[in-house]
There are 2 protein chains.
Amino acid sequence: MRVVLIIIDGVGDEYIPQLDGTPLEYASKKFTALNKMASEGMCGIMHPVAPGIPPSSDIGHLSIFGYDIEKEYPGRGYFEALGAGIKLAKGEIAFRTNLATVRQEGRHLIVTDRRAGRISGSQAEELYNILNEAIKEEGLPAEVKHTLEHRGVLILRGEDLIGAITDTDPHELGKPILKAEPWRGLPENLYNQAENAAKIINRITEISYRVLDKNNINVERRKSGLPPANVILIRGGGIAKRIRPFSEKWGFRPAFIAAGALYKGIARALGMNEIHVKGATGTPTTNLKGKVEGCLRALDAGYDFVYLHIKAADNLSHDKKPKEKAEFILRIDKALEPITSLEETLVVVTGDHSTSSIRGRHIGLPVPVVFWAPEIRRDRVRMFNENSTSMGALGGIRGKDIMPLILDITDRSTETGTLPLGPPLTI
Amino acid sequence: MRVVLIIIDGVGDEYIPQLDGTPLEYASKKFTALNKMASEGMCGIMHPVAPGIPPSSDIGHLSIFGYDIEKEYPGRGYFEALGAGIKLAKGEIAFRTNLATVRQEGRHLIVTDRRAGRISGSQAEELYNILNEAIKEEGLPAEVKHTLEHRGVLILRGEDLIGAITDTDPHELGKPILKAEPWRGLPENLYNQAENAAKIINRITEISYRVLDKNNINVERRKSGLPPANVILIRGGGIAKRIRPFSEKWGFRPAFIAAGALYKGIARALGMNEIHVKGATGTPTTNLKGKVEGCLRALDAGYDFVYLHIKAADNLSHDKKPKEKAEFILRIDKALEPITSLEETLVVVTGDHSTSSIRGRHIGLPVPVVFWAPEIRRDRVRMFNENSTSMGALGGIRGKDIMPLILDITDRSTETGTLPLGPPLTI
C-alpha cells in the first residue's frame with residue numbers, strides 16, 4: 001500500500017476566544033475531506049518530540065520521519081543550505097538567516113520584527129547582496145545568500161570553525177539580539193573552534209546593522225510606514241553530515257512536494273525526489289491545488305511514499321492571525337478533496353508542531369493525526385482537530401511513532417516486531 | 001504567569017462496586033472547582049513513572065518535579081529525615097520507619113497492621129523513645145525519631161555502612177517481616193558495607209519486638225481492642241545527596257505547603273520555601289481551608305510556583321475506605337473554590353500515583369491531570385476524574401512531562417526547544 005504523508009506546518013494552536021476554539025477546531029466545522037478521513041480513519045494526538053517541548057520545524061519533521069535527533073541531527077543550517085541549492089563542502093558551516101527589524105537602545109539592538117514585515121523577495125535579495133559585499137570587504141570567511149522572502153543562508157568557511165554556537169535570534173519580540181556563544185559543555189578544542197565561529201557571527205551582526213540600517217531601501221520602507229530590514233538574525237548552525245537515506249531506512253521510494261528552503265533541504269538530505277509544482281510558494285497564496293495534483297502525479301509515477309508539506313498555517317500563527325490561519329486551513333481541506341478518492345493508499349495528515357496565534361511562536365502542545373486507509377481500525381472521531389482526534393483509537397503518541405505505524409498499517413512490519421529476520425536461503 | 005501545582009496523594013483508584021466508579025469519579029459528580037477547571041482547561045491522563053509501575057510517593061513526586069530518578073534519587077530516608085528536621089551528616093544513613101502490629105508465628109513475625117491502627121502521635125512518641133533507649137543499651141550506632149502518627153526516622157551512623165539494603169517491611173498484610181539484605185549486584189566493598197547495615201537493621205527489628213510487645217501502652221491497647229504497636233518496620237535507606245535546586249533547574253521562586261514529613265523533606269531538599277499552615281496534619285481532618293489560604297498567601301508574597309500537597313486521600317485508600325476517600329476528595333474540591341478566582345495563574349491538579357482502596361496499596365494505574373490557565377487549549381472534558389480526563393487534549397503523558405508542559409504553557413519555553421540561547425549582544 002502506498003503512503004501520502006501530509007504535514008501542515010504549525011497546525012495545532014491555543015484556545016482563541018473569538019473563535020471559541022483553536023483555528024483548526026473552528027475550521028473543522030466546515031471540513032469535508034479531512035473530516036471524511038477522520039470519520040473513516042484512525043486518529044490520535046501526537047507530541048512531535050515530547051509533551052511541553054516546542055520543536056523547531058526541522059526537529060519536528062525529523063522526529064516524524066523517524067530519525068534520532070540526538071545522533072543524526074546535523075543542525076538546521078545544513079537543511080537551509082541544501083534547500084537553497086547549496087551543497088556544503090567539508091569545513092563549511094551553514095546558518096539560517098532572517099532579515100529583521102531592530103531599534104537601537106543604548107548598546108543593544110531590540111528586535112521589533114523578526115521578519116522585517118515579511119519583506120518582498122526582490123528587496124531582500126538586494127539587501128543580502130549589499131551585506132555580502134560588506135562581509136567581503138572585511139575579509140571575513142563568510143557569505144550570505146538570499147532564499148525566500150526575508151529568509152537566507154549564511155555560510156562560514158574554515159577548518160578552525162564549528163557551528164555549535166547559540167542563536168543571535170532571541171526568538172521573541174522586544175528582546176535584544178543575543179550574542180552568539182559556544183554551547184556549554186563543549187570539550188576545549190571544540191570550544192575554541194566554536195568561539196572562533198561565534199566571533200565572526202557577532203561581527204557580521206554588527207556589520208549588518210551598520211550597512212543595512214541607512215540603506216536607501218530602508219529609507220524608502222520607513223517613508224512608506226514599513227519596518228526596515230536593518231539587521232540579520234542568525235541561527236541554527238549546521239554542517240554537512242550523512243543522514244541515512246529514507247529509502248534505505250524505511251524501504252520506500254519517496255518523493256516530496258515542498259516550497260520552503262528548510263523543507264526542501266530536509267527532504268533532499270533524506271534522499272527524497274522532488275516533484276516541482278508551479279506556484280508553490282510556502283505563503284498563504286500558494287498553489288494548493290497544484291501541490292495536491294503534484295502528489296497524485298508522484299503516485300502515478302510509481303513513488304510509494306509522498307511527503308506533502310504545507311507551510312503557511314505556521315506563518316499566519318507567527319503573525320498572530322488566527323482567523324486567517326483558520327481560513328487557510330479550510331482552503332487546505334478543500335484542496336485535499338482529490339486525495340479522498342485515492343484507492344489502496346494510506347493517507348496520514350498531521351503537523352510538525354503547534355504554533356500559538358496568541359504568542360506568535362511554536363509551543364509544546366500536541367498536534368492531531370489521522371491515519372486513513374481501507375479497512376483501517378475505525379474510531380469514533382468525526383472531525384479533524386486537536387480535541388476530537390485526542391479521543392481517537394491511537395491515544396497519545398510521539399512523532400517517532402509515526403513511521404512504525406505507517407509500516408505496520410501498510411503491512412510492512414513483521415510479526416516478530418523488532419526481532420531481525422535473515423535474507424532468503426539459497427538452495 | 002504564576003503556577004500552582006496541587007498534588008492530591010493517591011488520588012486515582014480502582015472501580016468500587018458500591019460507588020459504581022472510582023472514589024474520584026463518584027466525588028466528581030458533585031465537584032464545582034475541579035470540574036470548572038476541567039471544563040475550562042486542558043486535561044490528560046498521567047502515568048507518574050510508566051504504565052503499570054506503582055511509585056512510592058517520593059518517586060512519584062520527583063518524577064513530576066522533573067528529576068531523573070536513576071541519577072538524582074538519594075533514597076527515601078533522606079527526605080524523611082529532612083522532613084523531620086534532621087540534616088544528615090556525611091556517613092549517616094536515614095530510613096523511614098513505621099510502628100506496626102505483628103503476630104508471632106513460630107519464628108516469624110506476621111504483619112497484621114502496617115501502621116498499628118494509625119496509633120496516636122503521643123503514644124507513638126513514647127514507644128519510639130523506649131526503643132531508642134534499648135538501641136543505646138545495645139551500643140548500636142543508631143537512633144530512631146518519631147515524626148507523625150505511626151511514622152518515624154531511623155538514623156545509622158558509621159563509615160563502614162551504606163543504605164543499599166532491602167526493606168524489612170513486606171508492604172503487605174499477612175506476610176512475615178523480611179530480613180534486610182544487601183541489594184543484589186553491588187560491588188564487593190559496597191556489599192560488605194551494606195551487609196553491616198543490614199545486620200544492624202535486623203537486630204533493631206528484633207529489639208523492637210522484644211521491648212515494645214510487652215510494653216504497658218500495648219497492654220492497654222490490647223485491652224481496648226486496639227492493635228498493639230509492637231514492632232518497627234524499616235524501609236527506604238537514604239543518604240544526604242545534593243539535588244539541583246528547583247529554582248535553579250526550572251527558574252521559579254518556589255514555595256510549598258505540606259504536612260507529612262516525606263513531602264516536607266522532598267520540598268526542602270529541592271530548596272522550596274515552607275509556608276506554615278496551622279492545623280495542617282496530613283490526616284482527613286487537616287485544615288484544607290488553611291492550606292488553600294496559605295497557597296494564596298504565598299502567591300501574594302511573590303512566589304511564582306506554589307506546590308500544595310494534600311495527603312489523606314492516600315491514607316484512606318491504604319485503609320481500604322473508598323467511601324471516606326470520596327468524601328475527603330469532595331471536601332478538597334470545596335476547599336479549592338478560591339483557587340478558581342485566580343487570575344494570570346496556571347493551576348495544575350494531579351496525583352503522585354493511584355492507590356487502590358480495594359488492595360490497600362499503590363497501584364500502577366495513571367492519574368488524572370488538568371492544566372487550567374487563561375486561553376489554554378480547551379478540550380471537551382467536563383469532569384475531573386480518571387476516565388473523563390483520559391479523553392482530554394493531552395492524551396496520555398508521563399510524570400516527567402509535567403514540568404516541560406508548565407514551562408511551555410507559562411511561556412517559559414523557547415521556540416528552539418531544548419537548544420540554549422546566549423546573553424544579549426552589545427554593539
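Our structure is the block above this text.
Residues numbered from 1 in each chain as written. Chains lettered and ligands numbered in written order. Predicted model: local features only at pLDDT ≥ 70, side-chain atom pairs only at ≥ 80, totals over all residues. Heavy atoms only, no water.

**Q** How would you explain the overall build of chain A if you had to name every residue and give the values?
**A** Secondary structure summary: chain A contains 15 helices and 15 strands in total. Taking 22 Å as the expected radius of gyration for a compact globule of 427 residues, we find that chain A reaches 22 Å, a close match to that expectation. Taken along its principal axes, the extent of the C-alpha atoms in chain A is 65 × 65 × 40 Å. By residue count, 61% of the 427 residues in chain A fall in the buried class. Across chain A, the fraction of contacts at a sequence separation of at least 24, relative to all contacts at a separation of at least 6, is 74%. Of the roughly 17000 Å² of accessible surface on chain A, 50% is carried by carbon and sulfur atoms. The distance from the centre of the 56 positive side-chain charges to the centre of the 53 negative ones in chain A is 2 Å. (Helix = DSSP H or I, 4+ residues; strand = E, 2+ residues; numbered from the N terminus. Rg over C-alpha atoms; globule rule 2.2 N^0.38 Å. Buried < 20%, exposed > 50% of the residue type's maximum accessible area, 1.4 Å probe, protein only. Contact = heavy atoms within 4.5 Å. Areas by Shrake-Rupley, 256 points an atom, 1.4 Å probe, with all protein chains shown as cover. Lys, Arg positive; Asp, Glu negative; His and termini not counted. Charge placed at Lys NZ, Arg CZ, Asp CG, Glu CD.)

**Q** Got a sec to walk through the relation of the copies chain A and chain B? Specific residues and values, please.
**A** Rotating chain A by 128 degrees and translating it 0.3 Å along the rotation axis places it on chain B, where the RMSD comes to 0.3 Å. Counting the interface residues of chain A, we find that no more than 4% of their copies in chain B are interface residues as well, pointing to two distinct contact surfaces. (Least-squares fit on C-alpha atoms with pLDDT ≥ 70 in both.)

**Q** Mind laying out the interface of chain A and chain B, listing which residues take part and the relevant values?
**A** Chain A puts 54 residues into the contact, and the matching count from chain B is 36 residues. Here chain A and chain B share an interface that buries about 3900 Å² over both sides, 57% of which is from carbon and sulfur atoms. Counting across the chain A and chain B interface gives three salt bridges. A:Arg359 is the salt-bridge partner of B:Asp411, the closest N and O atoms lying 2.8 Å from each other. Looking at the side of chain A that touches chain B, the elements with two or more residues in it are strand S2 (42–47), strand S4 (108–113), helix H7 (188–213), strand S13 (361–363), helix H14 (386–389) and strand S15 (396–398) of chain A. Considering every element that reaches the side of chain A that touches chain B, the biggest residue donor is H7(A), with four residues. Here the residues of the side of chain A that touches chain B are counted per class, giving 19 nonpolar, 21 polar and 14 charged. (Buried area = accessible area lost by both parts, 1.4 Å probe. Salt bridge = Lys/Arg side-chain N within 4 Å of Asp/Glu carboxyl O. Nonpolar A, V, L, I, M, F, W, Y, C, P; charged D, E, K, R; others polar.)

**Q** Could you give an account of the environment of B:Arg115, naming the residues involved and the relevant values?
**A** Residues and elements named next belong to chain B. When you line up the elements, Arg-115 lands in the loop between strand S4 (108–113) and helix H6 (121–137). For the pair Arg-115 and Asp-9, spaced 106 residues apart in sequence, the C-alpha separation works out to 18 Å. When near neighbours in sequence (up to four residues on either side) are disregarded, Arg-115 contacts Asn-98, Leu-99, Ala-100, His-150, His-318 and Asp-319.

**Q** Tell me about unusual backbone geometry, residues and numbers included.
**A** A positive phi angle is found at A:Glu344, which is not glycine, with a value near 50 degrees. The residue A:Glu344 is located in the loop between helix H13 (322–335) and strand S11 (345–350) in this model.

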